[in-house]
Amino acid sequence: MAEKVIIIGSGPAAWAAAIYSARANLRPLVFEGAVTEANRVAGTLPLGQLALTTEVENYPGFPAGDLKAYLDTALPEEKRAEMPPHGKHGATGPELLELMRQQALNFGTRIITEDIKGVDFRVPCTHGRRPFGLFASDGKTYEAQSVIVATGARANYLGLPSEEKFKNRGVSGCAVCDGALPRFRNKPLVVIGGGDSAVEEATYLTKFASKVHLVHRRDKLRASKIMVERAETNAKIDILWNRTVEEVLGNDREGVTGVRLKSTVGAEDLELPIAGFFLGIGHTPNTAFLQGALELTGKGYVCWPVPMRTFTSVPGVFAAGDVADDYYRQAVTAAGTGCMAALDAERYLAEHE
Ligand code: NAP
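Criteria and cut-off values
Residues numbered from 1 in each chain as written. Predicted model: local features only at pLDDT ≥ 70, side-chain atom pairs only at ≥ 80, totals over all residues. Heavy atoms only, no water. Pairing = 2+ DSSP bridges. Helix = DSSP H or I, 4+ residues; strand = E, 2+ residues; numbered from the N terminus. Right-handed = clockwise from strand over helix to strand, strands pointing away. Buried < 20%, exposed > 50% of the residue type's maximum accessible area, 1.4 Å probe, protein only. Contact = heavy atoms within 4.5 Å. Salt bridge = Lys/Arg side-chain N within 4 Å of Asp/Glu carboxyl O. Phe/Tyr/Trp six-rings, centres within 6.5 Å; stacked < 30°, edge-to-face > 60°. Lys NZ or Arg CZ within 6 Å of the ring centre and 35° of its normal. Near = heavy atom within 4 Å. Polar contact = N/O pair within 3.5 Å; in protein donor to acceptor, adjacent residues only side chain to side chain. Areas by Shrake-Rupley, 256 points an atom, 1.4 Å probe, with all protein chains shown as cover. Nonpolar A, V, L, I, M, F, W, Y, C, P; charged D, E, K, R; others polar. Core = buried A, V, L, I, M, F, W, Y, C linked by side-chain atoms within 4.5 Å.

## Let's talk about the pairing of strand β11 (residues 237–240)
The side chains of a regular strand alternate between both faces of the sheet.
So, point 1. Examined bridge by bridge, strand β10 (residues 211–215) and β11 share 4 bridges and lie parallel to one another. Its bridge partner lying in β11, V215 is registered against L240.
So, point 2. Handedness of the crossover is the feature at issue here: the chain leaves β10, passes through helix α9 (residues 225–233), returns alongside β11, and the resulting connection is right-handed.

As structure tokens, then:
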């Protein structure tokens with residue numbers, strides 16, 4: 001028997017889609033991703049990007065406070081035992097995701113901790129006659145009448161061992177997620193990149209930092225004119241041209257303490273004391289498993305062809321969250337489109353039964 005809806009992913013978009021489709025009696029089956037070393041290295045472990053952040057201060061409904069009693073009662077004891085203690089702040093990324101996952105389970109969502117490695121989304125001659133095929137990392141093929149793709153995107157990193165070592169201890173791929181943390185307050189920070197994201201991150205970080213060094217590998221920013229102007233006129237932003245990162249410096253106690261930069265035009269190496277190292281070098285949507293089954297945008301994101309709908313190029317397949325959104329990229333917008341995808345899938349199934 002084909003499933004009514006299969007959801008691929010385990011970030012806010014996937015769990016919102018699961019909660020809504022479970023409450024619509026669609027008995028969703030979620031593939032949350034496999035726990036493998038390959039996924040750890042790629043930054044695609046279950047629960048996604050939000051699980052890589054610490055406090056989430058901008059998710060509506062979770063102001064700072066002592067959530068301990070709530071977490072203890074909302075989540076099973078065995079799950080709480082494996083989570084770090086709550087520290088009387090707003091919810092952390094992992095806490096929020098465990099709550100979302102639990103909420104989906106409470107309404108009857110079934111979860112498989114495997115990756116989807118390939119798909120067969122060939123459109124049936126008559127809608128509903130032939131289900132979609134999903135090939136999982138457990139070697140099995142699963143069938144569904146509708147599919148919600150919510151596999152997210154991953155921030156690009158430079159790939160340096162020193163960068164990997166200090167992830168979450170001063171190295172971040174998301175200024176909006178992490179910029180306001182106490183460790184970065186009134187301290188010099190570095191942002192790598194020369195596009196709109198990097199300039200936006202640098203500008204955002206000037207609210208907290210004493211100084212933001214924007215490090216770009218060329219002598220011209222790729223960012224739009226208005227963003228360039230913003231960077232150049234912000235007294236707290238110092239642009240370092242023609243520089244690449246040699247090494248992120250730090251220690252176990254403090255995390256990031258500095259960065260060593262190389263020159264691309266033969267100048268001396270430069271060592272800067274910094275408390276934070278932010279990447280603004282773009283994102284990669286997790287779409288490789290689709291192998292051309294859905295139309296993608298020029299930047300490789302799943303294409304939403306109809307405004308304000310989560311439809312994809314294949315009727316019956318919907319997309320939600322960062323895998324289709326390279327613009328807002330927030331937990332709350334991902335959850336919003338997850339809800340939309342569940343409603344779109346429900347209507348599709350009702351029309352094609
Ligand atoms: P992007 O435009 O692709 O820029 C990536 C930047 O990172 C480039 O400057 C690139 O350098 C640099 N870079 C890439 N790999 C690097 C590496 N290994 N080492 C050092 N530098 C590296 O990506 P984005 O800034 O994330 O923007 C993506 C899209 O979203 C764009 O269309 C942008 O306009 C849009 N966006 C808009 C806004 C806004 O309007 N507010 C905000 C964010 C994003 P090179 O320039 O040398 O290639």
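Don't stop here, the text continues.
## Quick notes on the environment of G11
So, point 1. With respect to the helices and strands, the residue G11 is situated in the loop between β1 (3–8) and α1 (12–23).
So, point 2. Among the residues examined, G11 registers a relative accessible area of 14% and is labelled buried.
So, point 3. Residues G11 and G152, 141 residues apart in the sequence, show an inter-C-alpha distance of 7.3 Å.
So, point 4. Here G11 is in contact with L47 and L97, once residues within four sequence places are set aside.

## Thoughts on the pattern of salt bridges
So, point 1. Under the criterion given, the structure shown has 12 salt bridges.
So, point 2. Put simply, R110 and E3 hold a salt bridge, and the shortest N to O gap is 2.6 Å. Of this pair, R110 sits in strand β3 (residues 110–112) while E3 sits in strand β1, and the two are 107 residues apart along the sequence.
So, point 3. Close ionic contact of R260 with E271 constitutes a salt bridge, the shortest N to O distance being 3.4 Å. In this pair, R260 is assigned in strand β13 (residues 255–263) and E271 in strand β14 (residues 270–273), connecting sequence segments 11 residues apart.
So, point 4. Assessed through its relative accessible area of 23%, R260 is described here as partly exposed.
So, point 5. Among the residues examined, E271 registers a relative accessible area of 51% and is labelled exposed.
So, point 6. In this structure, a network of salt bridges that share partners links the residues K68, D72 and R80.

## Comments concerning the packing of aromatic side chains
So, point 1. Going through the model one piece at a time under the given rule, you end up with 8 aromatic pairs.
So, point 2. Where F121 meets F132, the ring centres are 5.6 Å apart and the plane angle is 75°; that geometry is what we call edge-to-face. Within this pair, whereas F121 is found in the loop between β4 (116–120) and β5 (132–136), its partner F132 is found in strand β5, the two being separated by 11 residues in sequence. Each of the two residues, F121 as well as F132, counts as buried.
So, point 3. Ring geometry for Y204 against F208: centres 5.5 Å apart, planes inclined by 65°, an arrangement best described as edge-to-face.
So, point 4. Assessed through its relative accessible area of 12%, F208 is described here as buried.
So, point 5. Following the ring pairs from residue to residue traces out a cluster consisting of F311, F318 and Y348.
So, point 6. Its guanidinium or amino end placed over the ring of Y157, K167 lies 4.0 Å from that ring's centre, counting from NZ or CZ.

## Overview of the site of the ligand
So, point 1. The full set close to the ligand counts 16 residues, and D196, S197, R217, R218 and R222 are the nearest of them.
So, point 2. The separation between an oxygen atom of the ligand and a polar side-chain atom of R218 is 2.7 Å.
So, point 3. One of the side-chain N or O atoms of K299 is found 3.2 Å from an oxygen atom in the ligand.
So, point 4. For the ligand, the accessible surface in isolation is 910 Å², of which the surrounding protein chains cover 72%.
So, point 5. Broken down by element, the residue count for the shell around the ligand peaks at 3 residues, all from helix α8 (residues 196–205).
So, point 6. A per-class count over the shell around the ligand returns 3 nonpolar, 7 polar and 6 charged.

## Considerations on the nonpolar core
So, point 1. Core analysis: the biggest nonpolar cluster contains 38 residues, and I7, W15, Y59, F62, L96 and I148 have the highest contact counts within it.
So, point 2. Breaking this core down by element, the ones donating at least two residues are β1, α1, α5 (93–106) and α10 (331–352).
So, point 3. With 8 residues, the top contributor of residues to this core is α10.
So, point 4. The residues touching Y59, leaving out its near neighbours within four places in the chain, are L96, M100, A331, V332 and A335.
So, point 5. Counting 24 residues, the second-largest nonpolar core is a separate cluster that includes L29, F132, A136 and F289.

Geometric descriptors of this kind do not, in isolation, establish any biological role.
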